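# Overview (structure and organization)
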Amino acid sequence: MDPSLPFRPAGPTVIISATTLAPSGTLPAGPNAGDVDYLVFNRTGVDAWLGYGPTSDVAVSNSVIPIVGTATAALPCPSGTVQVFTLAPNQFFAARTATGLSSISVTPGYGN
């Protein structure tokens, strides 16, 4: 995978609702092998933390808002940002907010 290539979708986009209590994890359809790039867009004005993992339960338990001095597996998704994360294929996603609601788009593919 060449990081200089533009992002190319390789599956449909899913919308994840982020709340103060993460709902069940969502599995976007996409590539089944190799590293997969996930285009993540926080569509709202509320920061969120995105948990991921091989099952819905792991994704939900990983969507933890970090506190000082405590490590977390959650990926920060500041409001209004677009980011690309390279992860294993077939990952479930769940998101959490400190307050309010957020809507996060996740699209599997390749490139940045």
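This text follows the structure it describes.
Described below are features of the structure shown in this document. (Residues numbered from 1 in each chain as written. Predicted model: local features only at pLDDT ≥ 70, side-chain atom pairs only at ≥ 80, totals over all residues. Heavy atoms only, no water.)

### Notes on the overall build of the protein chain
- Broken down by element type, the protein chain carries one helix and eight strands.
- The secondary structure elements of the protein chain, listed N-terminal to C-terminal, are β-β-β-β-α-β-β-β-β.
- If one aligns the C-alpha atoms of the protein chain with their principal axes, the spans along those axes are about 35 × 25 × 25 Å.
- Of all 112 residues assigned to the protein chain, the portion counted as buried reaches 38%.
- Excluding contacts between residues fewer than 6 apart, the proportion of contacts in the protein chain whose partners are at least 24 apart in sequence is 85%. (Helix = DSSP H or I, 4+ residues; strand = E, 2+ residues; numbered from the N terminus. Buried < 20%, exposed > 50% of the residue type's maximum accessible area, 1.4 Å probe, protein only. Contact = heavy atoms within 4.5 Å.)

### What to know about the environment of Ser103
- Turning to its location among the elements, Ser103 is positioned in strand 8 (residues 102-110).
- Here Ser103 falls in the buried class, since its relative accessible area comes to 18%.
- Separated by 39 residues in sequence, Ser103 and Val64 have C-alpha atoms that sit 17 Å apart.
- In this structure Ser103 touches Ile15, Ile16, Phe41, Asn42, Arg43 and Thr44, once residues within four positions along its chain are discounted.

### Remarks on the environment of Pro23
- One can find Pro23 in the loop between strand 2 (14-18) and strand 3 (36-42).
- Sequence spacing of Pro23 and Ser56 is 33 residues, and the spatial spacing of their C-alpha atoms is 9.3 Å.
- Not counting residues within four places of it along the chain, the set of residues in contact with Pro23 comprises Ser17, Val60, Ala94 and Ala95.

### Describing unusual backbone geometry
- Even without a glycine there, the phi angle at Asn90 is positive, about 60 degrees.
- As for its position among the elements, Asn90 is in the loop between strand 6 (82-87) and strand 7 (92-96).

### Remarks on the nonpolar core
- Judged by nonpolar contacts, the single largest core of 16 residues is most densely connected at Tyr38, Val40, Leu50, Phe93, Ile104 and Val106.
- Elements with a contribution of two residues or more to this core: strand 2, strand 3, strand 4 (48-53), strand 5 (75-77), strand 6, strand 7 and strand 8. (Core = buried A, V, L, I, M, F, W, Y, C linked by side-chain atoms within 4.5 Å.)

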